[in-house]
Amino acid sequence: MKRRHRAKSDILIDLTSLLDVIFIVLLVVIARQQTLTEKQQEQVNAGVAVEEARAQVQDAQSKYELYMDQVETAEQIGQYVCVISVNAYYNEDDVTERHVQIYRKGDATPFETIDLKGENVQPALAKLKAAIEEYVQKNDDLPVILTLNENDEKILYRDERDIKKVFEELAGQYGNVYLK
């Protein structure tokens, strides 16, 4: 049998299915690349978050160390300084009934409570001065710092003024008394 040779121009190649396969492979590659890019971005974000957390931990650690230094310093200074805190407040139901509590350094409860009633508070202020003066005399070798809950809404202005006057008298009378 004799074979026939076809001419090159007679050969027809259908590339449609090949193009379909190439496009599908291209879509899969692009989708895979997009997924990898998103995962890489998540890893970068996680790395940034970890670095921020480390920075916050270091900052907290340094603040804690500073706080502990301050506490230690305060404890050491506390051996050389006496503090008296005066807390004055009024009864919300009756503003003529007021109270003054005197706290010493380190005490959770007041060592003296004085009631201020009505307009004549001079005896109560004299009692306040005597209580503070007694403490100052017992600790005459140490500086004594007097504090008051100034500018507090729970203290009446006239009581604040009168207690400050007592403090100023004590500071003028004793060289180891200081006002905060």
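Before reading further, recall that the structure is shown in the block above.
Residues numbered from 1 in each chain as written. Predicted model: local features only at pLDDT ≥ 70, side-chain atom pairs only at ≥ 80, totals over all residues. Heavy atoms only, no water.

(A) The sheet that holds strand E1 (residues 82-90), seen in detail. Spatial ordering of the open sheet is given by E3-E2-E1-E4-E5, a layout of 5 strands whose pairing is mixed. Two strands bound the open sheet, and with one partner strand each, they are strand E3 (112-117) and strand E5 (177-179). Averaged over all pairs of adjacent strands, the angle between strand axes in this sheet comes to 20°, irrespective of strand direction. Strand direction decides the pairing type here: E1 and strand E4 (residues 144-148), joined by 5 bridges, are parallel. Directly across from Cys-82, in E4, lies its bridge partner Val-144. Contacts from helix H2 (residues 122-138) reach E1, strand E2 (97-104), E3, E4 and E5 within the one sheet, and its direction differs from that of E3 by about 160°. Across the face of the sheet, helix H3 (residues 157-173) comes into contact with E1, E2, E3, E4 and E5 while running at roughly 170° to E4. (Pairing = 2+ DSSP bridges. Helix = DSSP H or I, 4+ residues; strand = E, 2+ residues; numbered from the N terminus. Axes fitted to C-alpha atoms, helices over the stretch in contact; angles between N-to-C directions. Contact = heavy atoms within 4.5 Å.)

(B) Spatial organisation of the packing of H2 against H3. For the pair H2 and H3, interaxial distance at closest approach is 10 Å and the crossing angle is 40°. When the axes of H2 and H3 are compared, the pair comes out oblique. Like other packed secondary-structure pairs, H2 and H3 cross with a definite hand, here right-handed. The segment H2 lies against H3, with Leu-125, Leu-128, Lys-129, Ile-132 and Glu-133 engaging Asp-162, Ile-163, Val-166, Phe-167, Glu-169, Leu-170 and Gln-173. Looking at the contact of H2 with H3, its residues break down into 7 nonpolar, 1 polar and 4 charged. (Parallel < 35°, antiparallel > 145°, perpendicular 65-115°, else oblique. Left-handed = near helix turned anticlockwise from the far one by under 90°. Nonpolar A, V, L, I, M, F, W, Y, C, P; charged D, E, K, R; others polar.)

(C) Summary view of the pairing of E4. Burial analysis of E4 places 4 of its 5 residues in the buried class, which makes it a mostly covered element. Bridge analysis of E4 against E5 gives 3 bridges, and the strand direction is parallel. The partner of Val-144 across the bridge, within E5, is Val-177. (Buried < 20%, exposed > 50% of the residue type's maximum accessible area, 1.4 Å probe, protein only.)

(D) Inspection of the environment of Asp-152 at higher detail. Its location among the elements puts Asp-152 in the loop between E4 and H3. Under the relative-accessibility criterion, Asp-152 is labelled partly exposed at 30%. Remark: the alpha-carbon pair of Asp-152 and Ala-88, spanning 64 residues in sequence, is separated by 9.1 Å.

Nothing here speaks to function; it is all geometry.
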